[in-house]
Amino acid sequence: MMVIHYICRYCGVQVGKLEGTHFQSEQLGFHKLTDAERSEMIEYNRNGDLYVKTICEDCYEAFRTNNDNYYNDYIIH
């Protein structure tokens, strides 16, 4: 079984996960990413799980209301 974990790139919270035996790039929208975006956003671990860096609602709101947050690599909320 393959698991795809969606993790906020800024605070580390798990946004969601998908479990299944087969996923296609087109189903997940990965085909729309450039190679650079793919390598920056998607990581595989040893057991085959996939980790996708995304943004959670709290961090999105923090960025929307305070643009200075873009200078931070990590946000605690």
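Structure's up top.
Only a predicted model underlies this, so the values are computations on that prediction, with no experimental measurement involved.

Give me the lowdown on the pairing of strand β4 (residues 50-54), citing residues and values where you can.
Bridge analysis of strand β1 (residues 2-8) against β4 gives five bridges, and the strand direction is parallel. Residue pairing in the sheet places Ile 7 in a bridge with Lys 53 of β4. As paired strands, strand β3 (residues 42-44) and β4 are joined by three bridges and run antiparallel to one another. Bridging across to β4, Glu 43 finds its partner in Tyr 51. Hairpin connection, β3 to β4: the antiparallel pair is bridged by five residues, and Gly 48 has positive phi, about 95 degrees.

Residues and numbers for the environment of Met 41, please.
Tracing the chain through its elements places Met 41 in helix α2 (residues 35-41). Classification of Met 41 by relative accessible area gives partly exposed; the value is 22%. C-alpha separation for the pair Met 41 and Val 52, spaced eleven residues apart in sequence, amounts to 5.6 Å.

Outline the sheet that holds β4, supporting the account with residue identities and numerical values.
Ordered by their spatial adjacency, four strands build an open sheet running β2-β1-β4-β3, and the pairing between neighbours is mixed. Looking along the sheet, the strands with just one partner apiece sit at the ends: β2 (14-20) and β3. Mean inter-strand twist for the sheet, computed between neighbouring axes without regard to direction, equals 20 degrees. Looking at chain direction, β1 and β2 are connected through six bridges and run antiparallel. For Val 3, the partnering residue across the bridge sits in β2 and is Glu 19.

Rules used in this analysis
Residues numbered from 1 in each chain as written. Predicted model: local features only at pLDDT ≥ 70, side-chain atom pairs only at ≥ 80, totals over all residues. Heavy atoms only, no water. Pairing = 2+ DSSP bridges. Helix = DSSP H or I, 4+ residues; strand = E, 2+ residues; numbered from the N terminus. Buried < 20%, exposed > 50% of the residue type's maximum accessible area, 1.4 Å probe, protein only. Axes fitted to C-alpha atoms, helices over the stretch in contact; angles between N-to-C directions.

Take it as geometry only, folks, not as evidence of what the structure does.
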